[in-house]
Structure formats: C-alpha cells, structure tokens
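Listed below, chain by chain, are the residues.
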Amino acid sequence: MGMSRDNRDFDTLKIHAGYSAAEHNNAVSVPIYQTTAFALGDTHRADRLFAFEGADPIYTRLSNPTVDVLEKRVAALHGAKGAIGLASGMAAVSYALLNAAGNGGRVLTTARLYGGTVDSFSHVYPELGMGIDIVGKPDDLGEFEKGIRTDTKAVFVESLTNPFATIPDIERLAEIAHARGIPLIVDNTAATPYLLNPFDYGADIVVYSATKALSGHGNVIAGLVVDSGKFDWGNGNFPHFERPLWFLRDSNDVERNILQVFPDLPFVGRLRAVHLNYLGAALGPFDAYLVLLGIETLSERVQKQVANTLAVLEYLEKSEHVSWVRHPAAHGSPYAALAGKYFPKGAGSILSFGFKGTDGQKRKFLESVEIFGYQANIGDARSLIINSAQTTHVELTNEQREQTGLSPDTIRLSLGLESASDLIGDLDQAFRKVFSE
Ligand SMILES: *Cc1c(COP(=O)(O)O)cnc(C)c1O
C-alpha cells in the first residue's frame, strides 16, 4: 500500500497514507475517479464481485477509488482498521448509530451535541424505532452507568462540544460501555484526529463531519465513520450481525451473516452493505478529493487555530463587555484537568462568551464585526461568529437548554487562520461601535 506504513508519524501519513502513485498511472495528486460504474470484465469476475469477494469497485454508491484513498488515509491517521466515507456528517452519525442500535435498540447519550444531532434524537430516531436516552448530568459518570439498559446498544458522545468546548472522560466511558458489552461511539469533529485520537482511550467507533476542521476550508459537505476493528460484534448483543441474509449469499446461494462476509471489519462492512448501499448517502469523488486536500494541511491549520483561540481568549477574559468565557483554557474552567489529559496540544478552536448588554446591543455587535463571518459552520479557515441559542441550537427544549447551560447571551466563535491581532481588533472595534454610540 505504498507509503501508508503504520509506523510513520501523523504528519507523514496525512500526506501519503493510502495512496501509491504507481497504482494510478503515476499521478502524483490523487485522481478524481468521476465515474458511476466500473467495467465488470468477464462474467466470472462479475460473479465474484457480486458475491462480495475482493474489493474492486462496481458502482460509485458502494465504493470509488478516490473515496477509497480518503478512507484508507483517515484510518491510517487513527491507527484504525477501516473507515467509510459518507455524504455528510449527519449521514456518518445516523448510519453509525443505526448500524449499532437500529435493530430496535437504544443509544445512551447527552444533550451536549451538535444541534442537528439533538434534533434528530428528538424527532427522527424514535420514528425509526430507535430509543434515545439522555443523561441529565453528563459530567457524572455514575449517570452513564445507571443509564445503560439491557437493550442499550451504544454510548455516544462528542469529544469536544459546541458551543462550550466541554470534554467527556472518554477512557472511563469506554470502560463503562465495555463492561456491558456495548461500544463507545465518539463524534470527534471539533477535535480532529490531530488533537485527539479517541481510539487511544478505548473508543470503538469514531465519526466525523469532515465538512468542518478535517477538510477545513468551508467548501464541502462530507462525513466519515472510522472503525478500530477491535470491538466484538459477535458477543451476543448484536443479533443483527449474526442473522443470515439472502443478499449476502455466496455463489452457491448459501445465506451468510455479516460476521462471515466481513470477518475483519464487520461494522464497516455492514454499514457499507446495508446503510450506504440501501439508504445511499454516498460521498462523491470530487468531494472526497477536497477532503484529502484539506487533510494535507490539517496539523498546520489546527495549530494556528489553537494559537488564535488562546490569543482571543486572553482578550475576551479582560473585556468589560464579557460576563463569562468558556473554553478549557479559560480561567477556572472545570475541564482543565480533562483537557490536560486528552488535549495536550490544545482544546480546539471553539470558544464562547457571554455578551454583557441588551439583546439589541448583541444584535448590533454581531452585525458590526467585519472579519468574523456570521454563519452556521465551524472549523473553517475563516473565523466565524454566531449566537448559538438563537440559531444552531434554536430547537433545544428548555430542559436541554438547562442541561447544556445554553443561555441567550451566548456568542460562539470558531477561530480561523487570519492574524490574531486583526481578529482581536475586529472584536474590539465591534464592541466600541456598540457601546460608544
Ligand atoms: C456539523 C456537525 C455534524 C453534521 O455534519 P454535516 O457535515 O453538516 O452533516 C455532526 N456533528 C458535529 C459535531 C458537527 O459539528
């Protein structure tokens, strides 16, 4: 597999893993295989491909060589066994959860999640027959222990949350889940694999919205599901992995189950054969190429974003117009110890603060910034600002608002790659515009 040797460093893997130019007409940059289908060759080769033998592509909804390089590269960045590219982060979250618990099971999680995920938990999953249980106090590990029922099939958390950059104790949560024979699934979108590899702490499945910092340029919608390959899906808790299926029959028409057809990677195999194949949120080759391009500079971008975050944090903590600042590096943050353990390179580029003023003044502030972009996104090369409670998290119930501490004065920043002093200058001129007139 060319340069993708597992013992190379992260920064080498992010440029080379999963790709060998010799296998692609010596093209140095990963080619975009913009094709729907792949020639089957002779009829015997077709028989084998349609019996899930060999990894050669048939049809781009199921697999594509450009997407395949992205999957291998992202797996290598995690030291993981496999990954699967999907059309969006929402597809990654929903397919991963459906794959684990879609068989009438339940997922144990918290309200500290991406707004779209929380909404889907309230409105969509119950309709699909999947139960969602939300722990009221997510920092209390005992609540997770108590919350796992006999039909709970997974624990799901975000490793670094938006807007308050809270951090769960992944290692302990993995122990709690494993003691009950279920996996820990981690949404690592805001952290990126550069800042945190959840598999180092026992996570079993990691999902991404690659739309955000992973691709990092605000120009693509994409998702990924990454599989450590270590969880035992044949432990008796996942009968849907053990049931023989007609569409998995071999060339002699003998029905097989997921564990038989995909013995090395049953989770990714089932997700591809069932959810990607039949629900269809496939990642396009051009979009996979954009994510690959973004990943080439992941470390350099995230380092700069973390440095900008710390500079803006220091400015905001001194501002008379700010009532509180939340980030693990903020003064007195209750997440300082967890950040020390899980985020030694910095706890990301999302930062929020309380705006001290009226609603009208807050609106004027948001409309007065000139560099910060007012839009619903994070992890972009551009710095972004938003009033989360009124926008990205507007559908949270009052109870969920209380659980997450999302007050109406919250302003969330996502720091990009501009000059730190220009960013601070931008916030400063916006405060002055609001409070000196
Ligand atoms: C944006 C986001 C998602 C959804 O991703 P899309 O690519 O927009 O579908 C899921 N989880 C987190 C943490 C996100 O920030």
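See the structure printed just above.
This one's a predicted model, so the numbers in the text were calculated from it and none came from an experiment. (Residues numbered from 1 in each chain as written. Predicted model: local features only at pLDDT ≥ 70, side-chain atom pairs only at ≥ 80, totals over all residues. Heavy atoms only, no water.)

Enquirer: Is there a simple way to think about the packing of helix α4 (residues 89-101) against helix α10 (residues 266-278) in this case?
Expert: Here α4 crosses α10 at 105°, and the two axes come no closer than 10 Å. Between α4 and α10, the interaxial angle falls into the category roughly perpendicular. Across from Tyr95, Ala96, Leu98, Asn99 and Ala100 in α4, the residues of α10 making contact are Phe267, Arg270, Leu271, His275 and Leu276. (Axes fitted to C-alpha atoms, helices over the stretch in contact; angles between N-to-C directions. Helix = DSSP H or I, 4+ residues; strand = E, 2+ residues; numbered from the N terminus. Parallel < 35°, antiparallel > 145°, perpendicular 65-115°, else oblique. Contact = heavy atoms within 4.5 Å.)

Enquirer: Would you mind going over the site of the ligand with me for this structure?
Expert: In the neighbourhood of the ligand, the contacting residues comprise Ser88, Gly89, Met90, Tyr114, Glu158, Asp187, Thr189, Ser209, Thr211, Lys212, Ala222 and Ile378. In this structure, Asp187 approaches the ligand through a side-chain N or O atom, which is 2.7 Å from a nitrogen atom. In this structure, Ser209 approaches the ligand through a side-chain N or O atom, which is 2.8 Å from an oxygen atom. For the ligand, whose unbound accessible area comes to 380 Å², protein coverage reaches 92%. (Near = heavy atom within 4 Å. Polar contact = N/O pair within 3.5 Å; in protein donor to acceptor, adjacent residues only side chain to side chain. Areas by Shrake-Rupley, 256 points an atom, 1.4 Å probe, with all protein chains shown as cover.)

Enquirer: Just to check I follow, could you spell out the pattern of salt bridges for this structure?
Expert: Any two side chains of opposite charge can pair, on the condition that their charged atoms come close. Scanning all chains against the criterion turns up 15 salt bridges. Residue Arg112 is joined to Asp139 by a salt bridge in which the shortest nitrogen-to-oxygen separation is 3.0 Å. Here Arg112, found in the loop between β2 (106-109) and α5 (115-123), pairs with Asp139, found in the loop between β3 (131-134) and α6 (141-147); they are 27 residues apart in sequence, far enough to count as distant. Of the residues examined, Arg112 reaches a relative accessible area of 17% and is grouped as buried. Between Arg363 and Asp359 there is a salt bridge, with the nearest N and O atoms lying 3.0 Å from each other. With Arg363 and Asp359 both in helix α14 (residues 359-368) and 4 residues apart, the pair spans about one turn of that helix. (Salt bridge = Lys/Arg side-chain N within 4 Å of Asp/Glu carboxyl O. Buried < 20%, exposed > 50% of the residue type's maximum accessible area, 1.4 Å probe, protein only.)

Enquirer: Looking at this structure, I do not really get the packing of helix α12 (residues 298-318) against helix α16 (residues 420-435). What am I missing?
Expert: The description of two packed helices rests on the angle between their axes and on the distance between the axes. Relative orientation of the contacting elements α12 and α16 amounts to 30°, with a least axis distance of 9 Å. Considering how the two elements wind past one another, α12 and α16 form a crossing that is right-handed. Between α12 and α16, the residues in contact are Asn308, Ala311, Val312, Tyr315 and Leu316 and Ala420, Leu423, Ile424, Leu427, Asp428 and Phe431, respectively. For the contact of α12 with α16, a count of residues per class yields 9 nonpolar, 1 polar and 1 charged. (Left-handed = near helix turned anticlockwise from the far one by under 90°. Nonpolar A, V, L, I, M, F, W, Y, C, P; charged D, E, K, R; others polar.)

Enquirer: So what exactly am I meant to see when it comes to the pairing of strand β6 (residues 205-209) here?
Expert: Regular strands show a simple pattern: their side chains alternate between the two faces of the sheet. Burial analysis of β6 places 5 of its 5 residues in the buried class, the great majority of the element. As defined by bridge partners, strand β5 (residues 184-187) adjoins β6 across 3 bridges and the pair is classed as parallel. Across the sheet, residue Asp187 finds its bridge partner in β6, namely Val207. Across 5 bridges, β6 lies against strand β7 (residues 223-227) in antiparallel orientation. Bridge pairing in β7 places Ile205 opposite Asp227. (Pairing = 2+ DSSP bridges.)

Enquirer: Mind showing me how you'd approach the sheet that holds strand β9 (residues 350-355) here?
Expert: Strand pairing in a sheet relies on backbone hydrogen bonds, with the paired strands running either antiparallel or parallel. Spatially, β8-β9-β12-β11-β10 is the arrangement adopted by the 5 strands of the open sheet, whose pairing is mixed. One side of each edge strand has no neighbouring strand; the edge strands of this open sheet are β8 (322-326) and β10 (373-374). Relative to strand β11 (residues 384-386), β10 runs parallel, the two sharing 2 bridges. Within the sheet, the bridge partner assigned to Tyr374 lies in β11 and is Ile385. Set on the sheet, α12 makes contact with β8, β9 and β12 (410-414); between it and β9 the angle comes to about 15°. Packed on one face of the sheet, α14 meets β9, β10, β11 and β12 and runs near 140° to β9.

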